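Read off the chains here:
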Amino acid sequence: MKTTLKTPLRKIRARSGWRAAAVTFICGAALTAALRPAAEPQPQPATREAAAVSPPQWVAPAPPLVVDELDWGQSAAGQEWKHRNNGHSLRLDYGGLSPQALDEAKVEALPSGGVLVAAGDTVSMFDGAGGFVWRHEERRPIFDFAYVEATGLVYATAGDNNMFILEARTGRELHRESRNGRAGYGAVVPFGEDQCLIADDNSGYRSAEDFIPPMSDGVSAWRGTKMLWHQNLPPDAELRVGGGRIFAVTKTRARILVEEIFPPAGAR
């Protein structure tokens, strides 16, 4: 008698369902792994050798941008604004003037309405409308100048120990003083109604290695083209005039000193 083993239908269905579920789980896991973004590689702890070769780099943060409002006038925009809005341009030889020479230029308005300008090595006169009148070229830096209305003269000092007197109306040179040595002519200050004070600067001697102090500066008074008197002036002092009196002002690191300078007896 031949025996046939048969598996019940419900067991076959149960086994088939379990296999299908397993296949579905495996396929889903594979698909999920395929779609998941790759994980970033984790940094490996630095070895002692790697740290010695490539130390960590620290980058300082950029400093904050600071805009100084006081520099506006020196900026290109500030300069251009001034050129458009600050009046007419005087007819100077700007090509031969450095920014420093322009900054240090001296400008004096005259009672007649004219303008007298010393810039670089040149003294120039302009009329009340800004028109050019005359130019005096010294070929040495102009230190200082002053206009004396009563005599119609311009007194000026320049480099290489020079002092000269010009006729304000024409610019014609009327007198010149030149000296050798380390001294130099310095400040020029109107005095009284018709005089002009001119300082002697002896700082060139005081700065010499063989200098033995003390050594004063000097001041002389001029009327027209004639020197009236000469007196000593404290070293490095500034000339000040007020009420017909002459004062020398000295500024040190600790105080301000004032001394009155008296013209010689009988000087007029």
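Since the model is a prediction, treat every value here as computed from it, not as a measurement.

### Notes on the pattern of salt bridges
Now for step 1: A full pass over the atoms with the stated rule returns 15 salt bridges.
Now for step 2: Of the charged contacts, one joins Asp144 and Lys106 as a salt bridge, the two residues approaching to 2.7 Å between their closest N and O atoms. Placement of the pair is Asp144 in strand 5 (residues 142-148) and Lys106 in strand 1 (residues 106-109), with a sequence separation of 38 residues.
Now for step 3: The partner of Arg240 in a salt bridge is Glu238, and the shortest N-O contact between them spans 2.8 Å.
Now for step 4: With a relative accessible area of 29%, Glu238 lands in the partly exposed category.
Now for step 5: Via salt bridges that share partners, Glu138, Arg140, Asp160, Glu173 and Arg176 belong to a single interconnected network.

### Details of the nonpolar core
Now for step 1: Counting 15 residues, the largest nonpolar core has Leu116, Val123, Val154 and Phe164 as its most contacted members.
Now for step 2: Counting only elements with at least two residues in this core, the list comes to strand 2 (115-119), strand 3 (122-126), strand 5, strand 6 (153-158) and strand 7 (162-167).
Now for step 3: Apart from the residues within four sequence positions on either side, Val154 is in contact with Leu116, Phe145, Ala146, Tyr147, Phe164, Ile165, Leu166 and Ala168.
Now for step 4: Membership of the second largest hydrophobic core comes to 13 residues, among which are Leu197, Val219, Leu239 and Ile261.

### Topic: the sheet that holds strand 12 (residues 226-233)
Now for step 1: Pairing is antiparallel across the open sheet formed by four strands, whose spatial order is 9-10-11-12. Single-partner strands in this sheet number two, and they are strand 9 (184-191) and strand 12. Strand-to-strand, the axes of this sheet are offset by a mean angle of 25 degrees, without reference to chain direction.

### As for the packing of aromatic side chains
Now for step 1: This model, assessed by the stated rule, comprises two aromatic pairs.
Now for step 2: The interplanar angle of 65 degrees and the centroid separation of 6.0 Å between the aromatic rings of Trp72 and Trp81 together place this pair among those described as edge-to-face.
Now for step 3: Judged by its relative accessible area of 40%, Trp81 is partly exposed.
Now for step 4: A centroid spacing of 6.2 Å and a plane angle of 70 degrees characterise the contact between Phe126 and Phe132, whose relative ring orientation is edge-to-face.
Now for step 5: Judged by its relative accessible area of 1%, Phe126 falls in the buried class.
Now for step 6: On the basis of relative accessibility, which here comes to 31%, the residue Phe132 falls in the partly exposed class.
Now for step 7: Lying across the ring of Phe145, Lys106 places its NZ or CZ 4.8 Å from the centre.
Now for step 8: Positioned over the ring face of Tyr185 is Arg179, at 3.8 Å from the centre of the ring.

### Some points on the sheet that holds strand 15 (residues 256-261)
Now for step 1: Strand order in the open sheet formed by three strands is 13-14-15, with antiparallel pairing between adjacent strands. Across the chains shown, the open sheet's two edge strands, defined by having one partner strand only, are strand 13 (238-242) and strand 15. The average undirected angle you get between the axes of adjacent strands in this sheet is 30 degrees.
Now for step 2: Sheet analysis places strand 14 (residues 245-251) next to strand 15, joined by six bridges and oriented antiparallel. Across the sheet, Ala248 pairs through a bridge with Glu259, a residue of strand 15.

### A short note on the confidence of the model for the protein
Now for step 1: The predicted model of the protein has a mean per-residue pLDDT of 82, with 74% of residues at 70 or higher.
Now for step 2: In this model, residues 1-16 is a region of pLDDT below 50 whose contacts with residues beyond four sequence positions or in other chains number two contacts.
Now for step 3: Note on residues 20-27: pLDDT is under 50 here. Beyond four places in sequence and across chains, it has zero contacts.

Cut-offs and rules
- Residues numbered from 1 in each chain as written.
- Predicted model: local features only at pLDDT ≥ 70, side-chain atom pairs only at ≥ 80, totals over all residues.
- Heavy atoms only, no water.
- Salt bridge = Lys/Arg side-chain N within 4 Å of Asp/Glu carboxyl O.
- Helix = DSSP H or I, 4+ residues; strand = E, 2+ residues; numbered from the N terminus.
- Buried < 20%, exposed > 50% of the residue type's maximum accessible area, 1.4 Å probe, protein only.
- Core = buried A, V, L, I, M, F, W, Y, C linked by side-chain atoms within 4.5 Å.
- Contact = heavy atoms within 4.5 Å.
- Pairing = 2+ DSSP bridges.
- Axes fitted to C-alpha atoms, helices over the stretch in contact; angles between N-to-C directions.
- Phe/Tyr/Trp six-rings, centres within 6.5 Å; stacked < 30°, edge-to-face > 60°.
- Lys NZ or Arg CZ within 6 Å of the ring centre and 35° of its normal.
- pLDDT = per-residue confidence, 0-100.

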